[in-house]
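# Report on the structure
These are the residues of each chain, in order.
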Amino acid sequence: MNAMNQAPSLPRTDLYINGEWVKASSGKTIPVFNPATENQIAELAAASVEDVNRAVEAAHACFESTAWRRMRPLDRGRLLEKLALVVEEHADELARLETYDNGKPYATSRYVDLAFTIDALRYFGGWASKTAGEYITLSPFFDDGGIYRAYTERKPVGVVGGITPWNFPLGQAIQKIAPAIAFGCTVVLKPSEETSLTTLRLAELIHEVGFPKGAVNIVTGYGHDAGAALVDHPLVRKIAFTGSTATGQRILAASAKTMKRVTLELGGKSPTIILADADLSRAIPGAANAIFGNSGQVCTAGSRLLIEEPVYEEVVAGVAEIARGLRLGPGHEEGTQLGPIVSSRQLERISGLVQSGRSEGARVVAGGNRPDRDGWFFEPTVLADVRPDMQVIREEIFGPVVCAIPFSARSEIKAIANDTPYGLGASIWTRNLDHAHLLAEEIDAGTVWFNTHNILDLAVPFGGTKMSGRGREFGTEAINAFTEPKAVVMRLAGDY
Ligand code: NAD
């Protein structure tokens, strides 16, 4: 039998607190389903407020310990490097587990999720020994004969609460854990209740590598209790959140009570903008890939397709043809290009929004339905004749659905592209570099791509404007996100 068809072995599904596996105090569990079959495959421990409190106390005790505080930055980096090696050794196994739990094609799990995870561990491992402050000469407004100097240090913020979504589970977990550890923080991470299995397997590998007890704790559970408990806990000094805008707003409001630092990576409705002079042989597949990759469950998915009128019909027809040709199937099957949607709830949301588009007058050029098969599948869908007031164009769908909009003058692009509450990403497809640069300045988004879409790199700051969030992760911005500057001011006096 093909090994890919066999169910992968599962990790422990208890809570990982203070270097030990413990049951949830309430004994409550959360069912886990395989989206390709709709069958239950596991049960997760549902952490209660007390469990989260214990995990935070363990992370705090580790953070305060002399061993952690005095650990050489290079050695924190080594922990991450060792973990990178172990994750790399288990990459196939982890990728199969992700496909089983999340549904995405194995190739995506292995060559996107796992590749990113391993790179992120190495990238942040390298940062551990490279943070530095400044030395400043002061200009005192009085003259008391002293000479004043100051230096700044980057101090770790303390215990970090990481909360992650279900679209790139392992990569998101590492995006929180790796910079936290690199910069000297400790972590309590709550993965999405839909897709916790690879994060739990990661906890086993973290244990194997020998991270100090309490440095990384993993608590599975629901957002409204385990997630909220993490946000409310006064010893958690920072929340690093990726998820929906609605949850981000709740977290921001709740964190005011304890004045936590927060970074919020939220939703998007990113435009793919195709100018008439673009190389359509690249722009059309690029636009299709921007929305159908990972079944559209990507925060920066190019879900609004803005096309200059002379090439509008050609681009819509081209993207629709690609959509019709994509092979839907279980993620473990060879040749599958599009896996199922993560949950029945998300599938219903996508179906409902497409239905609303239809009833408001959008033209369905490709897809638009659930295929007749088991599993939470939805056809890759192209909607045309979409008006700016329709729900499909205003709301994030987070599925394989693109809305095409024509524009007749380049002067219209700014208004159409920015006509959204979100500001996460945008791509511009053109051969005219002048127009590309000028347009990039006009578009309100955290990232603008030229002639490509969804290229993320750990060295490039990532995050959104407007309702897409606040703060940035990756690159040098990560230092600000996980550390606080401390200024030490001194008076030097006397002769020497
Ligand atoms: P979600 O907001 O429903 O859940 C995200 C996480 O928050 C889960 O772990 C959940 O349990 C937790 N949560 C829910 N309510 C909470 C509360 N009251 N307090 C604390 N935690 C709570 O999002 P989702 O459906 O898992 O993910 C999809 C969303 O994530 C989309 O909107 C997508 O755009 C966004 N996303 C953004 C990025 C980015 O980098 N900007 C990346 C991936 C996904």
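The following refers to the structure shown.

Scoring rules and cut-offs
Residues numbered from 1 in each chain as written. Predicted model: local features only at pLDDT ≥ 70, side-chain atom pairs only at ≥ 80, totals over all residues. Heavy atoms only, no water. Helix = DSSP H or I, 4+ residues; strand = E, 2+ residues; numbered from the N terminus. Rg over C-alpha atoms; globule rule 2.2 N^0.38 Å. Buried < 20%, exposed > 50% of the residue type's maximum accessible area, 1.4 Å probe, protein only. Contact = heavy atoms within 4.5 Å. Areas by Shrake-Rupley, 256 points an atom, 1.4 Å probe, with all protein chains shown as cover. Polar contact = N/O pair within 3.5 Å; in protein donor to acceptor, adjacent residues only side chain to side chain. Phe/Tyr/Trp six-rings, centres within 6.5 Å; stacked < 30°, edge-to-face > 60°. Near = heavy atom within 4 Å. Pairing = 2+ DSSP bridges. Axes fitted to C-alpha atoms, helices over the stretch in contact; angles between N-to-C directions. Salt bridge = Lys/Arg side-chain N within 4 Å of Asp/Glu carboxyl O. Parallel < 35°, antiparallel > 145°, perpendicular 65-115°, else oblique. Left-handed = near helix turned anticlockwise from the far one by under 90°. Nonpolar A, V, L, I, M, F, W, Y, C, P; charged D, E, K, R; others polar. Expected span 1.5 Å × (residues − 1). 1 Å grid on protein atoms, 1.4 Å probe; cavity = no way out; pocket = protein on both sides within 12 Å on 5 of 7 lines; lining within 4 Å. Points joined across faces, edges and corners; volume = space filled by probe spheres on them.

### Brief notes about the overall build of the protein
Tallying secondary structure elements over the protein gives 16 helices and 22 strands in all. Here the C-alpha atoms of the protein give a radius of gyration of 24 Å, agreeing with the 23 Å that 2.2 N^0.38 yields for 496 residues. With the C-alpha coordinates of the protein rotated into their principal frame, the extents come out at 80 × 60 × 40 Å. Sorting the 496 residues of the protein into buried and exposed places 56% on the buried side. Contacts in the protein between residues far apart in sequence, at least 24 positions, make up 73% of those at least 6 positions apart. Element-wise, carbon and sulfur atoms account for 51% of the exposed surface of the protein, whose accessible area totals about 20,600 Å².

### Let's talk about the side chain of Ser-295
Locating Ser-295 in the fold gives a position in the loop between helix 10 (280-292) and strand 13 (302-308). A distance of 3.1 Å separates a polar side-chain atom of Ser-295 from the backbone oxygen of Gly-339. In contact with Ser-295, other than residues within four places in its own chain, are Leu-338, Gly-339, Pro-340, Ile-341, Gly-399 and Pro-400.

### A word on the packing of aromatic side chains
To describe a pair of aromatic rings, you give the distance between the ring centres and the angle between the ring planes. Tallying each qualifying case throughout the model produces eight aromatic pairs. Pairing Phe-116 with Phe-474 gives two aromatic rings, centres 6.0 Å apart and planes at 45°, and the pair type is tilted. Pair noted here: Phe-116 is in helix 5 (residues 106-127) and Phe-474 is in the loop between strand 21 (469-470) and helix 16 (477-482), with a separation of 358 residues, a long-range link. Ring centres of Phe-462 and Phe-474 lie 5.8 Å apart, and the angle between their planes is 25°; on these two criteria the pair is classed as stacked. Placement of the pair is Phe-462 in the loop between strand 19 (447-450) and strand 20 (465-466) and Phe-474 in the loop between strand 21 and helix 16, with a sequence separation of 12 residues. For Phe-474, a relative accessible area of 2% puts it in the buried group. Aromatic ring contacts, followed pair by pair, group Phe-116, Phe-462 and Phe-474 into a single cluster.

### Focus: the site of the ligand
Residues in close proximity to the ligand total 27 residues, the closest being Glu-193, Ser-244, Thr-247, Leu-266 and Glu-396. Within the contact set of the ligand, an oxygen atom lies 3.3 Å away from a backbone nitrogen or oxygen of Gly-223. Thr-247 places a polar side-chain atom, nitrogen or oxygen, 2.8 Å from an oxygen atom of the ligand. Alone, the ligand offers 850 Å² of accessible surface; in the complex the protein occludes 90% of this.

### Side note on the sheet that holds strand 14 (residues 363-366)
Reading across the sheet, the seven strands line up as 14-15-16-13-12-18-19 and stay open at both edges, with mixed pairing between neighbours. Sheet topology places strand 14 and strand 19 at the edges, where each strand pairs with a single neighbour. Each strand axis lies, on average, 25° off the axis of its neighbour in the sheet, ignoring direction. Bridge count for strand 13 against strand 16 (residues 401-407) is five bridges, and the pairing is parallel. Across the sheet, Leu-306 pairs through a bridge with Ile-405, a residue of strand 16. Docked against the sheet, helix 15 (residues 433-442) engages strand 18 (425-429) and strand 19, running at close to 170° with respect to strand 19.

### Topic: the environment of Ile-443
Following the sequence through the fold, Ile-443 ends up in the loop between helix 15 and strand 19. Taking the relative accessible area as the measure of exposure, Ile-443 reaches 7% and is therefore buried. Remark: the alpha-carbon pair of Ile-443 and Ala-417, spanning 26 residues in sequence, is separated by 6.7 Å. Ignoring any residue separated from it by four or fewer positions in sequence, one finds Ile-443 in contact with Ile-273, Ala-417, Asn-418, Ala-426 and Ile-428.

### Quick notes on the pattern of salt bridges
Tallied over the full model, the rule gives 26 salt bridges. A salt bridge links Glu-473 to Lys-176; the nearest nitrogen and oxygen atoms lie 3.0 Å apart. Taken as a pair, Glu-473 in the loop between strand 21 and helix 16 and Lys-176 in helix 6 (residues 169-182) lie far apart in primary sequence, 297 residues in all. Take Glu-473 and Lys-176: they sit in the same class, and that class is buried. If you follow the salt bridges from partner to partner, you end up with Arg-12, Asp-14 and Lys-23 in one network.

### Digging into the packing of helix 3 (residues 73-89) against helix 5
To characterise two packed helices, one gives the angle between the axes of the helices and the distance between these axes. The interhelical angle for the contact between helix 3 and helix 5, taken along N-to-C directions, is 160°, at an axis separation of 8 Å. In terms of their interaxial angle, helix 3 and helix 5 are classed as roughly antiparallel. Seen from above, helix 3 lies across helix 5 with left-handed handedness. Residues Gly-77, Leu-80, Glu-81, Leu-83, Ala-84, Leu-85, Val-87 and Glu-88 of helix 3 pack against Leu-114, Thr-117, Ile-118, Leu-121, Arg-122, Phe-124 and Gly-125 of helix 5. Its residues assigned to classes, the contact of helix 3 with helix 5 comprises nine nonpolar, three polar and three charged.

### Let's talk about helix 3
Taking 1.5 Å as the rise per residue, helix 3 with 17 residues should run 24 Å; its terminal C-alpha atoms sit 25 Å apart, in good agreement. Every buried residue of helix 3 is listed here: Arg-76, Gly-77, Leu-79, Leu-80, Leu-83, Ala-84, Val-86 and Val-87.

### Re the layout of surface pockets
Here the largest pocket is characterised by a volume of approximately 1,100 Å³. Lining the largest pocket are 38 residues, with Phe-241, Gly-243, Ser-244, Thr-247 and Arg-345 positioned closest to its centre. Of all the elements in the fold, those that place two or more residues in the lining of the largest pocket are helix 8 (223-232), strand 10 (236-242), helix 9 (245-255) and helix 12 (344-359). Within the lining of the largest pocket, the residues separate by chemical class into 13 nonpolar, 14 polar and 11 charged. Estimates place the volume of the second largest pocket at around 820 Å³. Contributing to the lining of the second largest pocket are 32 residues, with Val-112, Phe-168, Val-298, Asn-454 and Leu-456 lying nearest its centre. Among the elements that take part in the lining of the second largest pocket, helix 5 stands out by supplying seven residues, more than any other. For the lining of the second largest pocket, the per-class residue count stands at 14 nonpolar, 14 polar and four charged.

### Observations regarding the packing of helix 10 against helix 11 (residues 312-325)
Where helix 10 contacts helix 11, the axes come no closer than 9 Å and their chain directions differ by 55°. The orientation of helix 10 relative to helix 11 falls into the category oblique. Between helix 10 and helix 11 the crossing geometry is right-handed. Within the contact between the two elements, helix 10 uses Leu-280, Ile-284, Pro-285, Ala-287, Ala-288 and Phe-292 and helix 11 uses Glu-314, Val-315, Gly-318, Val-319, Ile-322 and Ala-323.

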